[in-house]
Amino acid sequence: MEYQVQAVLEYVFRMNGSRRNAYPSIVGSGPNACILHYLENNRRMEDGDLLLIDAGCEYGYQASDITRTFPVNGRFTAPQRAIYEIVLRAQLAGIAATRPGQRYEAIHDAARRVLTEGLVALGLLPCGVEESLAMHHYREFYMHGTGHWLGMDVHDVGDYRIRGSSRELEPGMVFTVEPGLYFDPARESATFYLREFSEQEMLERRLRLGATAARRLDEEEKAKAEKIVHPIPREFRGIGVRIEDDILITAEGHDVLTVGAPKTIDEVERICAEAPRLPRW
Ligand SMILES: [Mn+2]
């Protein structure tokens, strides 16, 4: 059961001196990997499922926030592997963009470009890479941001933009890099609207009009735009993958604080095949 995996994980946290979790553990298998804030953790895992674990302990009053996605039977299927590789490439591209002086939003830009390239290559988006980016079509399968500040709280305080422009990274800043892709098990197709927009514009509109009026205007624009209904092949439905690390900006570049957690397909499959190593009481 998912909650039994949660119990083992939190046992390891406690046995290593962490009194609390940084946030409620997400242990989502199969279709539950596609639910961003899944907290029930009450499903029986099945052969062929992916298991998405987003969990972090608090230690010395500092929060951590790590996500890894595992194949329940120890081996990724071909479609799972294809999606995992795209998310991993996007995550590495996001991390590679982290250094002092870089804009915070460069991380999201790098990650969504790689996700879009991968989705286009798999035939999951109806247009080319540049058009898909300009129209934000990746959002059908990647509906969250690429990270957040991390500190005494898991979504720590701090501005992401100052006077309208993205903040520059400075040594000592800590944040997460966490791209993902999610394919609802019941969704046979996605609707893509042919209209370009900038996130900056949308942000300003929301500030100017308020969330409700901005959403209404957005719906009106969508209704007027041309659209393409594009199929989602059955083999991808029900796949949810997210990979998340914690990054410290240093004087020279960055330090991946969670580098010890297996991440490549080979590393993940290898650790799935190993005998458990639980701390003893
Ligand atoms: Mn996070």
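Residues numbered from 1 in each chain as written. Predicted model: local features only at pLDDT ≥ 70, side-chain atom pairs only at ≥ 80, totals over all residues. Heavy atoms only, no water.

## Comments concerning the coordination of the manganese ion
And step 1. In the first shell of the manganese ion, the protein supplies Asp65 (OD), His148 (NE2), Glu178 (OE) and Glu244 (OE), at 2.0 to 2.4 Å from the metal.
And step 2. All donors of the manganese ion come from a single chain, and their spacing in sequence reads D-x82-H-x29-E-x65-E. Of this pair, aspartate 65 sits in the loop between strand S5 (62–63) and strand S6 (66–71) while histidine 148 sits in the loop between helix H4 (129–134) and strand S7 (161–162); the two residues are 83 residues apart in sequence, bridging distant segments of the chain. (Donors = N, O, S within 2.8 Å, 3.2 Å for Na, K, Ca; no water. Helix = DSSP H or I, 4+ residues; strand = E, 2+ residues; numbered from the N terminus.)

## Section: helix H2 (residues 78–96)
And step 1. When the terminal C-alpha atoms of H2 are compared, their 27 Å separation across 19 residues agrees well with the 27 Å that a helix rising 1.5 Å per residue should span.
And step 2. Pro79, Gln80, Ile83, Tyr84, Ile86, Val87, Leu88, Ala90, Gln91, Gly94 and Ile95 are the residues of H2 that are buried. (Expected span 1.5 Å × (residues − 1). Buried < 20%, exposed > 50% of the residue type's maximum accessible area, 1.4 Å probe, protein only.)

## Some details on the nonpolar core
And step 1. Membership of the largest hydrophobic core comes to 29 residues, with the highest contact counts inside it found for Ile83, Phe141, Leu181 and Phe183.
And step 2. When residues of this core are traced back to their parent elements, those giving at least two are H2, helix H3 (105–121), strand S11 (189–193) and helix H7 (265–273).
And step 3. At six residues, H2 tops the list of elements feeding residues into this core.
And step 4. Ignoring sequence-local partners within four residues, the contact set of isoleucine 83 consists of Leu122, Leu124, Leu181, Phe183, Phe236, Ile239 and Val241.
And step 5. If you look at the next biggest cluster of nonpolar residues, it comprises 11 residues, including Tyr104, Ile247, Ile249 and Val256. (Core = buried A, V, L, I, M, F, W, Y, C linked by side-chain atoms within 4.5 Å. Contact = heavy atoms within 4.5 Å.)

## A look at H3
And step 1. In this model, H3 (17 residues) spans 24 Å end to end at C-alpha, consistent with the 24 Å of a helix rising 1.5 Å per residue.
And step 2. Buried within H3 are the following residues: Ala106, Ile107, His108, Ala110, Ala111, Arg112, Val114, Leu115, Thr116, Gly118 and Leu119.
And step 3. Looking at the packing, one finds that the buried side of H3 touches H2, H4, strand S9 (174–177), strand S10 (180–182) and helix H5 (199–209).
And step 4. The first or second residue beyond H3 is glycine 123, which carries a positive phi of 75°.

## A look at the domain arrangement of the chain
And step 1. As assigned here, the chain comprises domain 1 (2–185 + 236–273) and domain 2 (189–231).
And step 2. Facing 17 residues of domain 1, the contacting portion of domain 2 comprises 14 residues.
And step 3. Counting each side, the surface lost to burial between domain 1 and domain 2 is near 1200 Å², with a carbon and sulfur contribution of 57%.
And step 4. Our enumeration of links across domain 1 and domain 2 arrives at two salt bridges.
And step 5. Across the domain 1-domain 2 interface, the total number found is eight residue pairs in polar contact (both at pLDDT 80 or more). (Domains from an automatic or database assignment. Buried area = accessible area lost by both parts, 1.4 Å probe. Salt bridge = Lys/Arg side-chain N within 4 Å of Asp/Glu carboxyl O. Polar contact = N/O pair within 3.5 Å; in protein donor to acceptor, adjacent residues only side chain to side chain.)

## Overview of the pattern of salt bridges
And step 1. Overall, the coordinates contain 21 salt bridges when judged by the stated rule.
And step 2. As a salt-bridge pair, aspartate 109 and arginine 112 come within 2.5 Å of each other at their nearest N and O atoms. With a gap of three residues between them, aspartate 109 and arginine 112 both fall in helix H3, about one helical turn apart.
And step 3. Here arginine 113 makes a salt bridge to glutamate 130, at a shortest N to O gap of 2.8 Å. Taken together, the residues arginine 113 in helix H3 and glutamate 130 in helix H4 connect sequence positions 17 residues apart.
And step 4. Using a relative accessible area of 33% as the deciding quantity, one classes arginine 113 as partly exposed.

## Notes on the environment of glutamine 102
And step 1. Here glutamine 102 is to be found in the loop between H2 and H3.
And step 2. For the pair glutamine 102 and glycine 253, spaced 151 residues apart in sequence, the C-alpha separation works out to 9.9 Å.

## With respect to the environment of valine 174
And step 1. With respect to the helices and strands, valine 174 occurs in strand S9.
And step 2. Expressed as a C-alpha distance, the spacing of valine 174 and aspartate 246, which sit 72 residues apart in the sequence, is 7.0 Å.
And step 3. Beyond its immediate stretch of four places on either side in the chain, valine 174 contacts His148, Trp149, Leu150, Ile247, Leu248 and Leu257.

## Details of the pairing of S11
And step 1. Only one face of S11 is covered, namely the face carrying Ala190 and Phe192; the face carrying Ser189, Thr191 and Tyr193 is uncovered.
And step 2. For S11 and strand S12 (residues 227–231), the ladder comprises five bridges, and the chain directions are antiparallel. Directly across from tyrosine 193, in S12, lies its bridge partner lysine 227. (Pairing = 2+ DSSP bridges.)

## A few points about the sheet that holds strand S1 (residues 20–21)
And step 1. Here three strands make up an open sheet; going across it, the order is S1-S4-S5 and the pairing antiparallel. One side of each edge strand has no neighbouring strand; the edge strands of this open sheet are S1 and S5.
And step 2. Looking at chain direction, strand S4 (residues 57–59) and S5 are connected through two bridges and run antiparallel. Bridge pairing in S5 places tyrosine 59 opposite glutamine 62.

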